[in-house]
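Working through the structure, step by step
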Amino acid sequence: LDQLKEALQDEPQIGIVVIDTLGDFWPTKMSGDGNAYNKEQFVMGEIVKLIDQFNITLILVHHDNKAATKTTELMKRGGGTYAIVGKAQTVINVQRSQNDVMGIIETSGKNVPARKISAQFDKKNFRWGYIGEEE
């Protein structure tokens, strides 16, 4: 987080940052007592402060909770506690089976409508294409 802050101070033209994946970015040692939720809440709060301070867009790639992938509730599928998805302005979940070109892109957030979009991955052009909206 300190290195990211330093980079943003040195390069004020940066408008978007992608962290892939949260697990690689997460502090490995956190001092103090507290449960996982409190620790995740603290780190996510620091990330949000950084976003606000430098007025950037941050895309944070995080993995699903593999045990909860069958749930229909998007916010319950994020790995870790609810602190991570709770601090996010928007959550986008891409679901597809390995090597499958068809998938579902699901969104939820503070200022975006909840949506489920059927999509197909175009391997030649390396992008997702809109198929339709699910009810």
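Residues numbered from 1 in each chain as written. Predicted model: local features only at pLDDT ≥ 70, side-chain atom pairs only at ≥ 80, totals over all residues. Heavy atoms only, no water.

1. What to know about the packing of aromatic side chains
Counted by the stated rule, this structure contains two aromatic pairs. On the basis of an interplanar angle of 80° and a centroid distance of 5.3 Å, the ring pair of Phe121 and Phe126 is categorised as edge-to-face. By relative accessible area, Phe121 is classed as buried at 19%. In this structure an aromatic cluster arises from ring pairing among Phe121, Phe126 and Trp128. (Phe/Tyr/Trp six-rings, centres within 6.5 Å; stacked < 30°, edge-to-face > 60°. Buried < 20%, exposed > 50% of the residue type's maximum accessible area, 1.4 Å probe, protein only.)

2. Here we look at the sheet that holds strand β4 (residues 102-109)
Spatially, β3-β4-β5-β6 is the arrangement adopted by the four strands of the open sheet, whose pairing is antiparallel. The two strands at the open ends of the sheet, each matched to only one other strand, are β3 (90-95) and β6 (127-133). Averaged over all adjacent pairs, the angle separating strand axes in this sheet is 30°, with direction ignored. Relative to strand β5 (residues 115-122), β4 runs antiparallel, the two sharing six bridges. Counted as the bridge partner of Met102 is Gln120 from β5. (Pairing = 2+ DSSP bridges. Helix = DSSP H or I, 4+ residues; strand = E, 2+ residues; numbered from the N terminus. Axes fitted to C-alpha atoms, helices over the stretch in contact; angles between N-to-C directions.)

3. Some thoughts on the pattern of salt bridges
Applying the stated criterion across every chain, the model contains two salt bridges. Its salt-bridge partner being Lys49, residue Glu46 comes within 3.0 Å of it at the nearest N-O pair. Of the two residues, Glu46 and Lys49 both sit in helix α3 (residues 36-54), three residues apart, roughly one turn of that helix. We classify Lys49 as exposed; its relative accessible area is 52%. With a closest N to O distance of 2.7 Å, Glu133 and Arg115 form a salt bridge. One end of the pair, Glu133, is in strand β6; the other, Arg115, is in strand β5, with 18 residues separating them in the sequence. On the basis of relative accessibility, which here comes to 37%, the residue Glu133 falls in the partly exposed class. Classification of Arg115 as partly exposed rests on a relative accessible area of 34%. (Salt bridge = Lys/Arg side-chain N within 4 Å of Asp/Glu carboxyl O.)

4. Quick word on the nonpolar core
Grouped together as the largest cluster of nonpolar side chains are 14 residues, with contacts concentrated most on Leu4, Leu8 and Val17. Of all elements in the fold, only α1 (2-10), β1 (16-20) and α3 reach the threshold of two or more residues within this core. Looking at this core element by element, the count peaks at five residues for α3. Filtering out sequence-adjacent residues up to four positions away, Leu4 remains in contact with Val17, Ile19, Phe25 and Leu50. (Core = buried A, V, L, I, M, F, W, Y, C linked by side-chain atoms within 4.5 Å. Contact = heavy atoms within 4.5 Å.)

5. Section: α3
When the terminal C-alpha atoms of α3 are compared, their 27 Å separation across 19 residues agrees well with the 27 Å that a helix rising 1.5 Å per residue should span. Along α3, the residues that are buried comprise Glu40, Val43, Met44, Gly45, Ile47, Leu50 and Phe54. With a side-chain oxygen positioned 3.1 Å from the backbone nitrogen of Tyr37, the residue opening α3 is Asn35. Backbone geometry just after α3 places Asn55 at a positive phi near 50°. (Expected span 1.5 Å × (residues − 1). Polar contact = N/O pair within 3.5 Å; in protein donor to acceptor, adjacent residues only side chain to side chain.)

6. Quick notes on a negative patch on the surface
On the surface, Asp2, Glu6, Asp10 and Glu11 cluster together to form a negatively charged patch. Structurally, the position occupied by Glu6 is in helix α1. (Patch = residues over 30% accessible without salt bridge, like charges linked within 9 Å, V, L, I, M, F, W, Y side chains within 5 Å. Areas by Shrake-Rupley, 256 points an atom, 1.4 Å probe, with all protein chains shown as cover. Lys, Arg positive; Asp, Glu negative; His and termini not counted. Charge placed at Lys NZ, Arg CZ, Asp CG, Glu CD.)

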